[in-house]
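For reference, the chains in residue letters:
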There are 2 protein chains.
Amino acid sequence: MVTLAEVAQHAGVSASTVSYVLSGKRSISATTRQRVERSIQLLGYHPNAGARALASNRSNIIALMIPLRTDMYVPVMMEIAIAVTTAARAHGYDVLLLTGEEGPDAVRRVTGSGLADAMIVMDVELDDERLPLLRATDQPSVLIGLPADTLGLTCVDLDFRATGALCVEHLAMLGHRDLAVIGEAPAVYERHTGFAERTLDGLRSRARELGIRLVHRACEGGYDAMALTLARIFDERPGTTGFVVQNESAIEPLLALLRQRGRAVPEDVSVVAVCPDQVAVQASVRLTSVAIPAQEMGRHAVARLVAKLDGRGGDEVVLIAPELTVRASTGPAPAAS
Amino acid sequence: MVTLAEVAQHAGVSASTVSYVLSGKRSISATTRQRVERSIQLLGYHPNAGARALASNRSNIIALMIPLRTDMYVPVMMEIAIAVTTAARAHGYDVLLLTGEEGPDAVRRVTGSGLADAMIVMDVELDDERLPLLRATDQPSVLIGLPADTLGLTCVDLDFRATGALCVEHLAMLGHRDLAVIGEAPAVYERHTGFAERTLDGLRSRARELGIRLVHRACEGGYDAMALTLARIFDERPGTTGFVVQNESAIEPLLALLRQRGRAVPEDVSVVAVCPDQVAVQASVRLTSVAIPAQEMGRHAVARLVAKLDGRGGDEVVLIAPELTVRASTGPAPAAS
DNA sequence: GTTGGCTGTCGAAGCGCTTCGACATGTATG
DNA sequence: CATACATGTCGAAGCGCTTCGACAGCCAAC
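Remember, predicted model here, so these are calculated numbers, not experimental data.

Caption draft 1: Broad picture of the side chain of Asp157(B). All names here are of chain B. Among the secondary structure elements, Asp157 is positioned in strand S5 (residues 155-158). Residue class for Asp157 comes out buried when judged on its relative accessible area of 5%. Apart from the residues lying within four places of it in its own chain, the contact partners of Asp157 are Gly145, Leu146, Arg198, Met297, Val318, Leu319 and Ile320.

Next up, the structure:
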């Protein structure tokens, strides 16, 4: 394992000079710099992470807390994780992966040990027990998601309220007057993860404004649960012609069941999904959808975090504006018969 | 930030004593230990990760390289990542997330800088450029996946050859004589990721042994690609009654298309999938499937790695035996008409 | 030609921890 | 009773780096 001292010796300079070449914190003559850089190349030197962390009090690591459950919006999580990792690398940081398992202790451990310089927290609940800790520590953090009280916190999320509104608007514009919302599993609402409620809120208030009828049903994913939910909806509101789905594992079952009932999409009923674009285009009907911009959220979170680490910028709530892409699953409402 | 020295002072012992209480590397009297532990509690002490890494030459971090693409077997990757993280924590390790993006350089960086003590590499290609580096370094590593040459490497993977054989056996036993295999996207075969070929190999050789006809078609995911593939298959082999699918994003489209063609599952055709259990149970037909044991692979990989770090156990290839779960998508072949 | 201010380099201290050898004890052995 | 040997604790060195102050050399300014 090559050390700074060896590089210094090889280049015929002192250790501190090598250090300054690496960090750029003091001016170094061009010739010296080149000589040092050449030695670094030749010897294949990599600064020792531990030593660096100890001396500089910076680990150059960002902690990323992801949810433990693997039963929900997995692709989104994965995409965010990858986007975060890639973005972090671009800023010279590595990413430490933590699962929700440890709960608040993870926050204590990371901040206490200097393992990471900052953290990104996903799957934030409305009244998350990690929030007080994050507020108390002087380590920068960014939440992906929106808790009830954002005071003193930096958050990045899709504007789910606007998302809901956008879905209703699109369907209303096409002439649909009776909408049904297929939501996440009841557990998601019970955990108060926020985003589901906010979407619903947006859906409802816009529907009210536009004079649209709207029912909402939470729904476990899968074929059987969806079958029950759909039957109930058509029982109660036979005139339903527009669907908004916010539950990845309900999408295909819904489409299959509609087909089975002889309701053509988009001729008889229209479907708008809230899901990653990839899911929307791979579905059995190319879905009109509001994308969950995982990449963007990941990149944004890292950008904010790095800004904080550099002493720029403070707390802020960034709500990403939703974008609806029209594909093949929505069309004009059928003439009332 | 509380330091070891402060704990020592608080407990009225020397720093080294505290260190030995923490590591257990020398015997400490019960009374001293308790006093120290109490001080640790009281002061909320967490050892500084950098200092520890520097002094002990151990970071207690395991690097996990995941593929950059988010277009393939995402849930499996995610599940493995979470299983690895959880298992690692149970052994006192944290996990550093790396994407394939950096390529072999990531290996150099991590081993060179002492950022991690060991690494787990996913998405291994048959002739992966990272392999020489992994063989050369004295840092332990475990591959999830199976390259062409496993000499000097430790690998964990599902036994995909046996998986293929198992699928054929199951369908043969039910009387199916004409099988079609819906494979991964052509790109997967071109990248020589191994697992797809190995499955195919198992399928073919078992089919040959049992006198079963079998066609294989690589297939991009999605509805349109699947429609084309299926049309071709039925054109060429109208008598096909058994399907093996190894492509998550082809599953739902396949089921929908079969339904559309009036072929009932499992009455007219049987379908076996190679996919995570969760996907199998959430499909529109509960699928008979061979599970991809993501959790087990992740746990196994960590266990091997920790064993190596502790100086136990050497190189080894662990192939996990496949298990086929019969669900609602397979049944007796229809009487030849 | 002295002063002042840059620029580029160096030496040394110190970050918080682990670990080695040393050294008191206390306990079994001849 | 002396010798040997665990047992429990301490002091000090050192891991590889960053960073501060010092300082040599140089140029410009009066």
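What follows continues from the structure just given.
Caption draft 2: Broad picture of the UniProt feature "domain: HTH cro/C1-type" (unreviewed entry) in chain A. Within this numbering scheme, the UniProt entry marks residues 3-32 of chain A as carrying the feature "domain: HTH cro/C1-type" (unreviewed entry). Helix makes up 67% of residues 3-32 of chain A and strand makes up 0%, while its end C-alpha atoms are separated by 18 Å.

Caption draft 3: Examining the protein's contact with DNA strand D more closely. Neighbouring DNA strand D are 26 residues, the closest being Leu4(A), Arg26(A), Tyr45(A), Thr17(B) and Thr32(B). Put simply, 55% of the atoms of DNA strand D that lie within 4 Å of the protein are in sugar or phosphate. At 3.5 Å from a base oxygen of DNA strand D is found a main-chain nitrogen or oxygen belonging to Ala55(B). Secondary structure elements with two or more residues in the surface near DNA strand D: helix H2 (15-23) and helix H4 (49-56) of chain A together with helix H2 (15-23) and helix H4 (49-56) of chain B.

Caption draft 4: How the structure looks around the relation of the copies chain A and chain B. For the pair chain A and chain B, the superposition axis carries a translation of 0.0 Å, the fit reaches an RMSD of 0.1 Å, and the rotation angle comes to 180°. The relationship between the two copies is best expressed as a two-fold rotation axis. Mapped onto chain B, 100% of the interface residues of chain A are again interface residues, and the two copies thus contact each other with one and the same surface.

Caption draft 5: Representation of the protein's contact with DNA strand C. As a matter of local geometry, DNA strand C sits amid 26 residues, with Thr17(A), Thr32(A), Leu4(B), Arg26(B) and Tyr45(B) nearest to it. For DNA strand C, the fraction of protein-proximal atoms (within 4 Å) that sit in sugar or phosphate groups is 55%. With respect to DNA strand C, the side chain of Tyr20(B) contributes an N or O atom lying 2.6 Å from a base nitrogen. Within the residue set of the surface near DNA strand C, elements represented by two or more residues are H2 and H4 of chain A together with H2 and H4 of chain B. Take the surface near DNA strand C: its biggest share by element is four residues, from H4(B). A class-by-class count of the residues in the surface near DNA strand C yields eleven nonpolar, eleven polar and four charged.

Caption draft 6: Representation of the sheet that holds strand S2 (residues 94-99) of chain B in the model. The twelve strands lie next to each other as S11(A)-S5(A)-S4(A)-S3(A)-S1(A)-S2(A)-S2(B)-S1(B)-S3(B)-S4(B)-S5(B)-S11(B), forming an open sheet whose pairing is mixed. The open sheet terminates on both sides in strands that have one partner only, identified here as strand S11 (317-320) of chain A together with strand S11 (317-320) of chain B. Neighbour to neighbour, the strand axes of the sheet diverge by 20° on average, direction disregarded. In the sheet, S5(B) pairs with S11(B) via four bridges, with the strands oriented parallel.

Caption draft 7: How the structure looks around the nonpolar core. One finds Leu64(A), Ile120(A), Leu64(B) and Ile120(B) to be the most contacted residues of the largest nonpolar core, which totals 108 residues. Not counting residues within four places of it along the chain, the set of residues in contact with Leu64(B) comprises Ala81(B), Val84(B), Val95(B), Leu96(B), Leu97(B), Leu98(B), Ile120(B) and Met122(B). Counting 38 residues, the second-largest nonpolar core is a separate cluster that includes Ala63(A), Leu96(A), Leu96(B) and Met119(B).

Caption draft 8: Examining the side chain of Arg109(A) more closely. Within the secondary structure, Arg109(A) is located in helix H6 (residues 104-113). When its relative accessible area of 15% is taken as the criterion, Arg109(A) is described as buried. Engagement of the side chain of Arg109(A) in a polar contact is seen with the side chain of Asp94(B), the distance being 2.7 Å. Residues contacting Arg109(A), with those up to four places away along its chain left out, are Leu98(A), Glu102(A), Leu115(A), His46(B), Arg89(B) and Asp94(B).

Caption draft 9: Quick peek at the UniProt feature "domain: HTH lacI-type" (unreviewed entry) in chain A. Listed under "domain: HTH lacI-type" (unreviewed entry) in the UniProt record, and renumbered for this structure, are residues 2-56 of chain A. Helix makes up 71% of residues 2-56 of chain A and strand 0%. Its end C-alpha atoms lie 19 Å apart.

Caption draft 10: Representation of the state of the cysteines. For the structure on display, the rule yields zero disulfides over all chains. Unpaired in terms of disulfides, Cys219(A) finds its nearest cysteine sulfur in Cys275(A), a separation of 15 Å.

Caption draft 11: Layout of the interface of chain A and chain B. Counting residues at the interface gives 51 residues for chain A and 51 residues for chain B. Buried area between chain A and chain B, both sides added, is near 4500 Å², and the carbon and sulfur share of it is 64%. The three residues of chain A that bury the most area against chain B are His46(A), Met78(A) and Leu97(A), which together make up 13% of that side's buried surface. The interface formed by chain A and chain B includes four salt bridges. When the shortest N-O distance is used, the salt bridge between Arg89(B) and Glu102(A) registers 3.4 Å. Between chain A and chain B we count nine residue pairs in polar contact (both at pLDDT 80 or more) in total. Elements supplying a minimum of two residues to the side of chain A that touches chain B: H4, strand S1 (61-66), helix H5 (74-90), strand S2 (94-99), H6, helix H12 (248-260) and helix H13 (277-282) of chain A. Among the elements that take part in the side of chain A that touches chain B, H5(A) stands out by supplying ten residues, more than any other.

Caption draft 12: Representation of the pairing of strand S9 (residues 270-274) of chain B in the model. Residue and element names in this part refer to chain B. Among the five residues in S9, five count as buried, and that is most of the element. Both strand S8 (residues 242-245) and S9 contribute to a ladder of four bridges, which runs parallel. When the bridges of S9 are listed, Phe243 appears paired with Val271. You can see the chain leave S8, run along helix H12 (residues 248-260) and come back into S9, and the turn it takes is right-handed.

Caption draft 13: Here's a closer look at the pattern of salt bridges. Across all of its chains, the model carries 40 salt bridges over all chains by this definition. Close ionic contact of Arg58(A) with Asp117(A) constitutes a salt bridge, the shortest N to O distance being 4.0 Å. In this pair, Arg58(A) sits in the loop between H4 and S1 while Asp117(A) sits in the loop between H6 and strand S3 (118-122), placing the two residues 59 residues apart along the sequence. Measuring nitrogen to oxygen at the nearest pair gives 2.9 Å for the salt bridge that ties Asp201(B) to Arg161(B). Taken together, the residues span a long stretch of sequence, with Asp201(B) in helix H10 (residues 195-210) and Arg161(B) in helix H8 (residues 160-173) at a distance of 40 residues. Note on Asp201(B): relative accessible area 37%, which makes it partly exposed. Arg161(B) gets classed as partly exposed once you look at its relative accessible area, which sits at 39%. Residues joined by salt bridges that share partners form a network here, namely Arg89(A), Asp94(A), Glu102(B) and Arg109(B).

So, how was this worked out
- Residues numbered from 1 in each chain as written.
- Chains lettered and ligands numbered in written order.
- Predicted model: local features only at pLDDT ≥ 70, side-chain atom pairs only at ≥ 80, totals over all residues.
- Heavy atoms only, no water.
- Helix = DSSP H or I, 4+ residues; strand = E, 2+ residues; numbered from the N terminus.
- Buried < 20%, exposed > 50% of the residue type's maximum accessible area, 1.4 Å probe, protein only.
- Contact = heavy atoms within 4.5 Å.
- UniProt positions renumbered as here; feature names shortened; annotations may be inferred.
- Near = heavy atom within 4 Å.
- Polar contact = N/O pair within 3.5 Å; in protein donor to acceptor, adjacent residues only side chain to side chain.
- Least-squares fit on C-alpha atoms with pLDDT ≥ 70 in both.
- Nonpolar A, V, L, I, M, F, W, Y, C, P; charged D, E, K, R; others polar.
- Pairing = 2+ DSSP bridges.
- Axes fitted to C-alpha atoms, helices over the stretch in contact; angles between N-to-C directions.
- Core = buried A, V, L, I, M, F, W, Y, C linked by side-chain atoms within 4.5 Å.
- Disulfide = S-S within 2.5 Å.
- Buried area = accessible area lost by both parts, 1.4 Å probe.
- Salt bridge = Lys/Arg side-chain N within 4 Å of Asp/Glu carboxyl O.
- Right-handed = clockwise from strand over helix to strand, strands pointing away.

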